[in-house]
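# Chains, contacts and geometry: an overview
What follows is each chain in one-letter form.
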Amino acid sequence: MSKELNLWLDDLLKDIKIIQFKRKNSRRVRIDIAPEALPALLELLQGRASYVHLSAISCVDWIEENEFELVYHVWSYETNSLVSAHTRISREPGVYLSVYDLYTPAAFFERDIHEMFGVYFEGSPDMEKFILTEWNGPPPMRKDFDSEAFVNQTFNWEEYHPQWLKDIEAEGGGITTRPEDVR
Amino acid sequence: MSDISYKDKGSILGPFKSLSFFSRKPVTEPFEPRIAADNYRGFHVNDWDVCIGCSTCQKVCDNAAITMIKIPGLPDDPVMGIRNERPAIDYGRCCWCGLCVDICPTSSISLTQEYVHTCRENELDSYFILPDPNGMHNKLFPKGWSKTGDADLVDLERQPMAEMEPQSRSDNFDEIVDGFTKQQAIIEASRCVQCGMCHDSCPTNMHAPEYIRAIWEGDAEEAVRQMYRTNPFSHVCGRVCTHRCETACSIGRRGDPVAIRWLKRYAMDAVSDERVREIAAEGKADFVSGKKIAIIGSGPAGLTTAFDLAKNGHAVTVYEALHKPGGMTRYGIPEYRLPYDRLDADIDVIKSVGVRIECNVRIGSDITMEQLRQDFDAVVVAIGLQQGRSTRIPGSDHEQVRASVDLLRMITAGESFDVPESVVVIGGGNVAMDIARSLARMQKSQYGKVAVTVSALEDFDHFLADPEEVKEAREEGVVILDSRGPKECVIDKNGKLEGLTTLGVISIFDDDGRFAPSYDEVDEQLHHGGMVIESIGQMSDISLFGEELTEELEWNRGRLQADEDGVTSVSWLWSAGDMVHGPDVVHAVADGHRVAASIETYLNEGSSNNE
Amino acid sequence: MRPENYEAIKQPPSNEFELNFGPNHPGIEGNYAFRVKLNGDEVLSARADAGYLHRGFEKLMEGRLWIQNIALVPRICVPDPVPMEVCYSLAIEELCGLEIPERAQWLRVMQLEMSRLAAHLFAFGGHAATTGMYTPMFWGVADRDLILDRFEELTGGRVYSIYNIPGGVRRDMPDGFLDRLGALLDYLDSRLPDYDSLFFRNQVFIRRARDVGAMTQEQALKWGVTGPNLRATGLAFDVRRDDPYLAYEKIDFDVVTQPGGDALSRNLVRRAELKQSIRILRQVIKHLPSVKGAVRCPIPNPLAWNVPAGETYTRVESSKGELAYYVVSNGGDKPYRVHVRGPSSMHAVQVLEKLAVGSRLEDIAQIMFSLDACPPEVDR
Ligand SMILES: Cc1cc2nc3c(=O)[nH]c(=O)nc-3n(C[C@H](O)[C@H](O)[C@H](O)COP(=O)(O)OP(=O)(O)OC[C@H]3O[C@@H](n4cnc5c(N)ncnc54)[C@H](O)[C@@H]3O)c2cc1C
Ligand code: SF4
Ligand code: SF4
C-alpha cells in the first residue's frame, strides 16, 4: 500500500509543471516549487497524500542571491516518507503566506522564522516576539548580523594576569597568539 | 514484568513497600575525592618535552580557550620544527571537549582524572592555566582522556605517489615521479594543520601554509601566487628541493610529513605557463630606475637576484659561461629528476619580468671584472661550484679518472663520450648517486646491462645520500658499497685503467672530530672499471677575478668572504649561492633575495646621497 | 523577560487574575515561564514565555568548523544530549557520503538508549515531584546518576558526552564496559517494581494524573505532537522503527502505546519504554562483541574539512519525540545553516498552551512534566 502511494505521488508530482521533483531515497523526496504554488502543493500533500505531519519549517538566508529559502518538511504516517518542499522568496520585503490553516505547528515555526530572520507570514496567528523578547536589533539569524562582533562590542572579556604569566614576562616571554588571532 | 495497563487502578498500599528501605544501609559518599573514570576529561596536562608549540590545539579549540605563551629557556629551533611556545587554557571558556587532545600532532597534551577547580572571586586568575606535566593543583592526577590510536584526528598517512617501475625507467631519462592528481593533491593538502613550521624552517621562508591551503581550496593559481612571493624556482623546487619543510612538519612527528614538495609541484603543473608569468609579474615596478646590475652565473642564486631586481625596475644582465642558463639545476641535476622543460618554464618566467640572460659569455676571459665594474652600478658573482675535487690518490690523474660534475655537464649538453662498460664511483652523496644512476641508464640502453659500483666512506647508518636515492639506485642495478676508502686507481702496463682498489674504513674522524680517515690495510678490494669517477665535492673556479681583485677581496679558507646579505669586502660586489653559502637550490634562492634586497638598499642610499 | 522589566499585573476586583508562572519555579522544567489567566484556580489561558535559555546555537554553529559543533550540540538538550550529537553527525555523514562502521552504529544505539533511560528517569521523577511525591524524584535522579557513571566511563564526560563525531564515535569502549553496563541493567530492572509500587501503580498518582492534560490522537496529530506523547494517544509511531537509522532495524523492540492521551498515559508509555530500552541494551550487549573493527571511518583533518554542498533533514527519536536537524552546506568548512527541530518546540509551546486551558493551576506543572517539555530545546 505504502509503495503504491509513493508511486502515485511520484506520478502526480511529475505532472505539475512549475515544480522540480527529486526522490532522494525511498523515504525522502525533495520538491522545489514556486512560492505561489507551495500552499496548493501542501494542501494536496496533506489532503490527498496523507502528509499530515508538518515536522518543521526551515529558513535559510541566501544573502548573496538576496533570497530566503523556506523548506517545509512534511511527513506521512502512512507511507513513512518525508517530503521537503523548498521555495524561495525575495529577501525584500521578506513576506510570505502562512500555512497555519493547513498545519497548526506552522504557528511556532513561522513565529520563530519571523523573529530570527524577519520574514513576515501573512495570516499567521501570532507574529509576536517569543524568544528574543527584549531584543531590538536586526533579526539575528540573518547572515548580515555578525553575532561575534556584537558580543565583542557589548561585553568585556575577562583579562587574566596570573602570577605565572608575570614570571614568564619577566624573563622576556609572554603571550604570542591569542585565540582571537587565529579565528 | 508486563507493562502497566491504563485501566490499572493502582494500589494505595504499594507506596508503603518503600518503607522497607528504612532498613537498608544508607549510601555514604566518602569525603575523599572520588576516583574519576580512566577516560575522564578533566584538566589539561602537557608534556613540555614532547610539545613543539605548533598551536594546532589552539586552532581546533571550539571555545577559543587556548592562548599560546612564549616561554624563554625552552628549545626554539625552526629547522627541527620546535617553537618555545606552549598552550595556556582559559577555563572560563574551555568545555573539556578534548578536541585539542585528539588533534595534537605530538600527543603531548591530555586531560587528567581531576574533577574540581574552584576559587574565590578575587582569584579569577586561577582560571587561566599553563598546563605543564605536573598537574594544576600541585598534585598530579592520573591521565584521563589522552590520545589513542582510534582517536587520532591527524591523518598520519601521505597520499601515495605514483612513479615509474625500475624496469621501465632504468634505460632512459624520463621523469620518474608522476606527480599528484588534483584529487590526491587536495587530500594531501587537507592533512596540513597550518602550524607554519614549514615556513619557519624554509631557507627562503616560503608561504607553504598559505599555498597548501589554497591547493586544498582548489585554487592552484592562488597557490602559485603564494609561491612567487618567495621563490621564482618553484618548478625546480617542486621537484628536487631538499624539503627542509618536511623535516620540520609537525605531522611528521608521528606520521608522514605533508608532501609539501609534491604539492608545490602539483600547483605549478596545474597552472599554465602563461598564467604563471602573469602572476609572477604582479607587483612589478611600472617605472625604469635607470640602474644597471650585472650578474655572473645563471644558477638559482644569480637568477633569483636578477628576478627581484628586475621586478624593482632595474636593468639586469646575467652572464652565463655555458650554452644555457640554470647552472647546476640544468648541468648537474639529471633529467629523470628534473625535466629540462620545467626548468625552462621557471627561467622563462624570470626572463619575462625583464631579465636579460647572455649565454656563452665567460666573465674573466670574454669580459673582465673591471669592465663590469665600470659599466654597472652593482655586480653579483654567483658562479657556484663548478670544479670537481680530486682524491689525489695514486693514478687519479689518469684520463679515465673523471669528475662527476664534468660528466653530468656533458650528459646534459649532449657531448658524447665513451660510456664505459663498467665504472666505479668514489663518493656517497647525492651527486654520486646522480652520476651513478645516469651512467647506469646509459649502460643499460647501450649494453643492456649495468655495471656501476659506488664506493662510499660512510657506513649505511651515516650515509650522506638520501635513502630514496640509495633505494632507487639499487633498483636500477647500481651496487653500493659502504665503509670503503679509495686507495689507488690501478693502471695496467699498457696504461689502461683497470679499476679502483679500496680499503675497509675503521674510522672517518679523529679524536678531535677532524676529517682523517683510518683504514684497515688488510681489507683491500679491487673494483674493476674502465672509468673511475670522483664525486667527493666541488669547488669554485675563481680565476675570473684576476690577480688584482683577488688581492683586494677578503677570503676565508679559500672561500670568498661574504656576509649573510652577500656583501663582500668590495663595495660594488656581492656574492650569492653555492660559492659562498650553499648547499642547495633553495638556499641559493634565499641568498638571491637577500642579495637583491641589499643591493636595493645600496642603490637607494647611493641615489639619495647623490641628490 | 528580565525581572526589572516585569510590569505589575493589575488585578481586577474579581476572581479573574493573571499570574507569572516561572521562569524560576519548581513546577517548571528548566527556565521557562507561562503567563496564566485564571478564574479562581481554573486556567482560562496560558501563554508561553521563552528565551531564558536562548544561547543562539544555530547562529553559533554557522561560525564554527563542522567538527567543533560536536561539543556544542549536546548542550541543546540537557537531560537527553546524545540524540543531538548523533543527529548532527548523521546529517554530516549523509552530506559527505560517509559510511560509518557497524561497530560505531551499535555504540551509538547503546548511548542513545542509555541516554533515553536517563532522561525517562528524570522525567518521571520530575513528574512525581510536581504532585508532591519527592521520593520517586530522588530515586529517579539517583539511578540516573548510575547511568552517568557509565557515560563517564565510556565517553569521559558525565552529562555532555561529546562522544560522537561525524564518521562514528571518538573511541572504543573500555575493557569490561559491557559487563558493567549489564550489571547496571540488572539493577535497573530490579528497580522497576520499586518505581511501580511507589509511583506508577500508586493510586494517588494514578488518580491525580488520569484525564489531566488529555488530548485525542486527532488533536495530537494536528498539533504536531510526536514521541511518547503521541504514543500515549494510541498511535504506534516511532522514528526508530518507522524511519530507521543506525542499527535499529536489526533490533527487536516494541513501540508501546497507551490509549488515554493524558498525563497518566504519557507516564505509562515512558515506564514501558524504560523496559524497552533495557531490552534494546541487552541486545546490544549480546551483539556488540561480535561486531569487530573500527569505531570511526577515516575523516578529513577537522581543520580542513569542506563538507560537499547540499542539504539534509535528519531525524532521530529522542526521549521527547522527533528530533530533526536540517543541515545546509555551501561546500565550506562550516555549516551554512543548521536548523534544530526540537520535539519540545511543539509540546512545550502550543500544545501546552492548549492543554492548560480548562485545567487547574496546580496541574500546569503536572502537564508540563507529563509532556516532558524541555525548554532549552525550544530556546536553542
Ligand atoms: C649533481 C648535482 C645535483 C644536485 N641536486 C640537487 C637537488 O636535488 N636539490 C637541490 O636543492 N640542490 C641540488 N644540487 C645543488 C644545487 O644545484 C646548487 O646548490 C645550486 O644550483 C647552486 O646555485 P648557484 O646559483 O649558487 O650556482 P650554480 O647553479 O652552480 O650556477 C652557477 C652558474 O655560474 C656559471 N659560471 C661559473 N663561472 C662563470 C663565469 N666565470 N662566467 C660566467 N658564468 C659562470 C656556471 O656555468 C653556472 O651556470 C645539486 C648539485 C649537483 C652538482
Ligand atoms: S597541538 Fe600539541 S604539540 Fe602543538 S602546541 Fe598544542 S599541545 Fe603542543
Ligand atoms: S578541551 Fe576543548 S574547549 Fe578545552 S581547550 Fe581543549 S579544545 Fe578547547
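Nothing here was measured: the structure is a model prediction, and the numbers come from that model.

Below, the discussion takes up the overall build of chain C. Per the secondary structure count, chain C includes 14 helices and 8 strands. On C-alpha atoms alone, chain C measures out to a radius of gyration of 21 Å, which is about the 21 Å that the 2.2 N^0.38 rule sets for 380 residues. Judged by the C-alpha coordinates and their principal axes, chain C covers about 70 × 45 × 35 Å. Counting only residues that meet the buried cut, chain C has 68% of its 380 residues in that class.

Below, the discussion takes up the overall build of chain A. The helix and strand inventory of chain A stands at 5 helices and 8 strands. Secondary structure elements in chain A, listed N-terminal to C-terminal, are α-β-β-α-β-β-β-β-α-β-α-α-β. Rg of the C-alpha trace for chain A: 24 Å, well past the compact-globule value of 16 Å for 183 residues, more than 25% over. Over its C-alpha atoms, taken along the principal directions, chain A stretches across nearly 80 × 35 × 30 Å. Among the 183 residues that make up chain A, the fraction classed as buried is 51%. Pairs at least 24 apart in sequence give 51% of the contacts found in chain A among residues at least 6 apart. Taken as a whole, chain A presents about 9000 Å² of accessible surface, with 50% of it coming from carbon and sulfur. If the 19 positive side-chain charges of chain A are averaged to one point and the 32 negative ones to another, these points end up 8 Å apart.

Taken together, 15 residues form the shell around ligand 2, and within it C51, C54, C57, C104 and T106 of chain B come nearest. Broken down by class, the residue content of the shell around ligand 2 amounts to 9 nonpolar, 6 polar and no charged.

Among the nonpolar cores identified, the biggest contains 287 residues, and Y72 of chain A together with Y32, F34, M110 and Y325 of chain C are the most heavily contacted of them. With 12 residues, the single largest contributor to this core is helix α3 (residues 102–130) of chain C. Excluding anything up to four places from it in sequence, F34 of chain C contacts L19, N20, F21, I28, A46, R47, A48, A348, L352 and M368 of chain C. In terms of nonpolar packing, the next biggest core, distinct from the first, is built from 23 residues, I296, F545, V570 and W572 of chain B among them.

As a further point, take the pairing of strand β9 (residues 378–381) of chain B. Residue and element names in this part refer to chain B. Both faces of β9 are covered, namely the face carrying A378 and V380 and the face carrying V379 and V381. Strand direction decides the pairing type here: strand β6 (residues 292–296) and β9, joined by 4 bridges, are parallel. Bridged to I295 within β9 is V380. Where β9 lies against strand β22 (residues 573–575), 3 bridges are found, and the strand directions are parallel. From the neighbouring strand, V380 faces β22, where its bridge partner is W574.

The tally for this structure, following the rule as stated, stands at 33 aromatic pairs over all chains. A centroid spacing of 5.1 Å and a plane angle of 80° characterise the contact between W135 of chain A and F150 of chain A, whose relative ring orientation is edge-to-face. Residue W135 of chain A is located in the loop between β7 (120–122) and α4 (147–154), and its partner F150 of chain A is located in helix α4; the two are separated by 15 residues in the primary sequence. With a relative accessible area of 22%, W135 of chain A lands in the partly exposed category. Grouping aromatic residues by their ring pairs yields a cluster made of F124, Y195, F199, F200 and F205 of chain C. The side chain of K139 of chain B reaches across the aromatic face of F141 of chain B, ending 4.7 Å from its centre.

Residue and element names in this part refer to chain C. Position of D254 relative to the elements: it lies in the loop between α9 (239–242) and α10 (263–287). A relative accessible area of 42% places D254 in the partly exposed class. Separated by 16 residues in the primary sequence, D254 and D238 place their C-alpha atoms 9.6 Å from one another. Leave out the neighbours within four places in its chain, and D254 touches Q276 and R279.

With that out of the way, let us pick up the interface of chain C and chain A. The figure often quoted for interface size is the accessible area lost as the parts come together. Each partner contributes residues to the interface: chain C has 45 residues there, and chain A has 47 residues. Counting the surface lost from both chain C and chain A, the interface buries some 3700 Å², and carbon and sulfur atoms represent 51% of this. Looking at the side of chain C facing chain A, the largest losses of area belong to K59, Y313 and Y336 of chain C, adding up to 19% of the total buried there. Taking the shortest distance from any N to any O, the salt bridge between R380 of chain C and D112 of chain A comes out at 3.0 Å. Our count for the chain C to chain A interface comes out at 21 residue pairs in polar contact (both at pLDDT 80 or more).

As a further point, take helix α2 (residues 38–49) of chain A. A turn of α-helix holds 3.6 residues, and therefore any two residues three or four places apart point the same way. Buried within α2 of chain A are the following residues: L38, P39, L41, L42, L44, L45 and A49 of chain A. Where α2 of chain A terminates, the next one or two residues include S50 of chain A, which has phi positive at roughly 70°.

For the rest of this paragraph, the subject is the side chain of S298 of chain B. All names here are of chain B. By the secondary structure assignment, S298 is in the loop between β6 and α12 (300–311). Of note is the side chain of S298, whose polar atom sits 2.6 Å from the side chain of E320. Excluding residues that lie within four positions of it along the chain, S298 makes contacts with L303, V318, Y319, E320, K324, P325, G326, G327 and I357.

As a further point, take the interface of chain C and chain B. Each partner contributes residues to the interface: chain C has 57 residues there, and chain B has 51 residues. In total, about 4300 Å² of surface goes out of reach between chain C and chain B, with carbon and sulfur atoms giving 51% of it. For chain C, the biggest contributors to the area lost against chain B are R170, R171 and L303 of chain C; these three give 18% of the whole. At the junction of chain C and chain B, the tally comes to 32 residue pairs in polar contact (both at pLDDT 80 or more). Those elements that provide at least two residues to the side of chain C that touches chain B are α4 (134–155), α5 (177–200), α6 (203–209) and α10 of chain C.

What follows covers a negative patch on the surface. Together, E547, E548, E551 and E552 of chain B make up a negatively charged patch on the protein surface. Locating E548 of chain B in the fold gives a position in helix α19 (residues 546–552).

Moving on, we come to the site of ligand 3. What surrounds ligand 3 is the set H44, C61, D62, N63, I66, I89, C94, C95, W96, C97, G98 and C100 of chain B. Of the residues assigned to the shell around ligand 3, the class counts are 8 nonpolar, 3 polar and 1 charged.

This part covers the packing of helix α4 (residues 182–190) of chain B against helix α6 (residues 208–216) of chain B. Residue and element names in this part refer to chain B. Axis separation between α4 and α6 bottoms out at 8 Å; the angle between their running directions is 130°. Here α6 runs oblique to α4, going by the angle between their axes. α6 is crossed by α4, and the crossing has left-handed handedness. Between α4 and α6, the residues in contact are A185, I186, A189 and S190 and I212, I215 and W216, respectively. Each residue belonging to the contact of α4 with α6 can be placed in one class, and the counts come to 6 nonpolar, 1 polar and no charged.

Before going further, it helps to spend a moment on the environment of R191 of chain C. With respect to the helices and strands, the residue R191 of chain C is situated in helix α5. Between the C-alpha atom of R191 of chain C and that of P228 of chain C, which follows or precedes it by 37 residues, the distance is 21 Å. Apart from residues no more than four positions distant in its own chain, R191 of chain C is found in contact with F21 of chain B together with W139 and D143 of chain C.

Turning to the pattern of salt bridges, a few remarks are in order. Under the defined criterion, the tally for this structure stands at 94 salt bridges over all chains. Measuring nitrogen to oxygen at the nearest pair gives 2.2 Å for the salt bridge that ties R180 of chain C to E153 of chain C. Residue R180 of chain C is located in helix α5, and its partner E153 of chain C is located in helix α4; the two are separated by 27 residues in the primary sequence. With relative accessibility at 32%, the residue R180 of chain C sits in the partly exposed group. Using a relative accessible area of 11% as the deciding quantity, one classes E153 of chain C as buried. One network of salt bridges, with partners in common, ties together R169, R337, D434, R437, R441, E469, K471, E472, E475 and E476 of chain B.

So, on to the domain arrangement of chain C. Residues and elements named next belong to chain C. When cut into domains, chain C gives domain 1 (3–49) and domain 2 (57–379). Using only C-alpha atoms to locate each centre, domain 1 and domain 2 end up separated by 30 Å. When domain 1 packs against domain 2, close to 1600 Å² is buried across both sides, 65% of that on carbon and sulfur atoms. One can count 0 salt bridges joining domain 1 with domain 2. Taken together, domain 1 and domain 2 are joined by 5 residue pairs in polar contact (both at pLDDT 80 or more).

Rules of the game
- Position labels on residues start from 1 in each chain and follow its written sequence.
- To label them, take the chains in the order written and letter them from A, then take the ligands in the order written and number them from 1.
- Reporting in this predicted model follows two pLDDT cut-offs: at least 70 for local features of residues, and 80 or more for side-chain atom pairs to be given and counted; totals over whole chains, interfaces and linings ignore these cut-offs and use all residues.
- Each side-chain value is derived from all of the structure's non-hydrogen atoms; neither hydrogens nor water enter the calculation.
- By definition, any uninterrupted DSSP run of H or I lasting at least four residues is a helix, any uninterrupted run of E lasting at least two residues is a strand, and each is numbered from the N terminus.
- C-alpha atoms define the radius of gyration in this analysis, and the globule rule sets the expected value at 2.2 Å times the number of residues to the power 0.38.
- Under the scheme applied here, a residue whose accessible area is under 20% of the maximum for its type counts as buried, over 50% as exposed, and between as partly exposed, the area being computed with a 1.4 Å probe on protein chains only.
- Any pair of residues with heavy atoms lying within 4.5 Å of one another is described as a contacting pair.
- Under the convention used here, a 1.4 Å probe and the Shrake-Rupley method define accessible areas, while residue burial counts only the protein chains that appear.
- Residues scored as charged are limited to Lys and Arg (positive) and Asp and Glu (negative), so that His and the chain ends carry no count.
- Where a charge sits is defined by one atom per residue type, namely NZ (Lys), CZ (Arg), CG (Asp) or CD (Glu).
- Near is defined per residue: the residue qualifies when any heavy atom it owns lies within 4 Å of the molecule or strand.
- Throughout this entry, Asp, Glu, Lys and Arg are counted as charged residues, while Ala, Val, Leu, Ile, Met, Phe, Trp, Tyr, Cys and Pro are counted as nonpolar. The remaining residues, Gly among them, count as polar.
- The definition of a nonpolar core used throughout is a set of buried Ala, Val, Leu, Ile, Met, Phe, Trp, Tyr and Cys residues joined through side-chain atoms within 4.5 Å.
- Any two strands are treated as partners once DSSP identifies two or more bridges connecting them.
- Two rings from Phe, Tyr or Trp (for Trp, the six-membered ring) form a pair when their centres are within 6.5 Å of each other. A pair whose planes differ by under 30 degrees is stacked, one over 60 is edge-to-face, and the rest are tilted.
- A ring has a charge above it when a Lys NZ or an Arg CZ is no more than 6 Å from the ring centre and no more than 35 degrees off the ring normal.
- The term buried area refers to how much accessible surface (probe radius 1.4 Å) is lost by two components on association, counted for both of them together.
- Each salt bridge in this description consists of a side-chain nitrogen of Lys or Arg and a carboxyl oxygen of Asp or Glu lying within 4 Å of one another.
- Any pair of nitrogen or oxygen atoms within 3.5 Å is treated as a polar contact; in protein, a donor-acceptor pairing is required on top of that, and neighbouring residues in sequence qualify only through side-chain atoms on both sides.
- Each patch is built from residues that are more than 30% exposed by relative accessible area and take part in no salt bridge. Like charges join if they lie within 9 Å; nonpolar side chains (Val, Leu, Ile, Met, Phe, Trp, Tyr) join within 5 Å.
- Here an axis means a line fitted to C-alpha atoms, over the contact stretch when the element is a helix, while the angle between two N-to-C directions is reported on a 0 to 180 degree scale.
- In what follows, roughly perpendicular refers to angles from 65 to 115 degrees, roughly parallel to angles under 35, roughly antiparallel to angles over 145, and oblique to any angle outside these ranges.
- By definition, any crossing whose near helix is turned counterclockwise from its far helix by less than a right angle is left-handed, and any crossing with a clockwise turn is right-handed.
- What counts as a domain boundary in this text is fixed by an automatic or database domain assignment.

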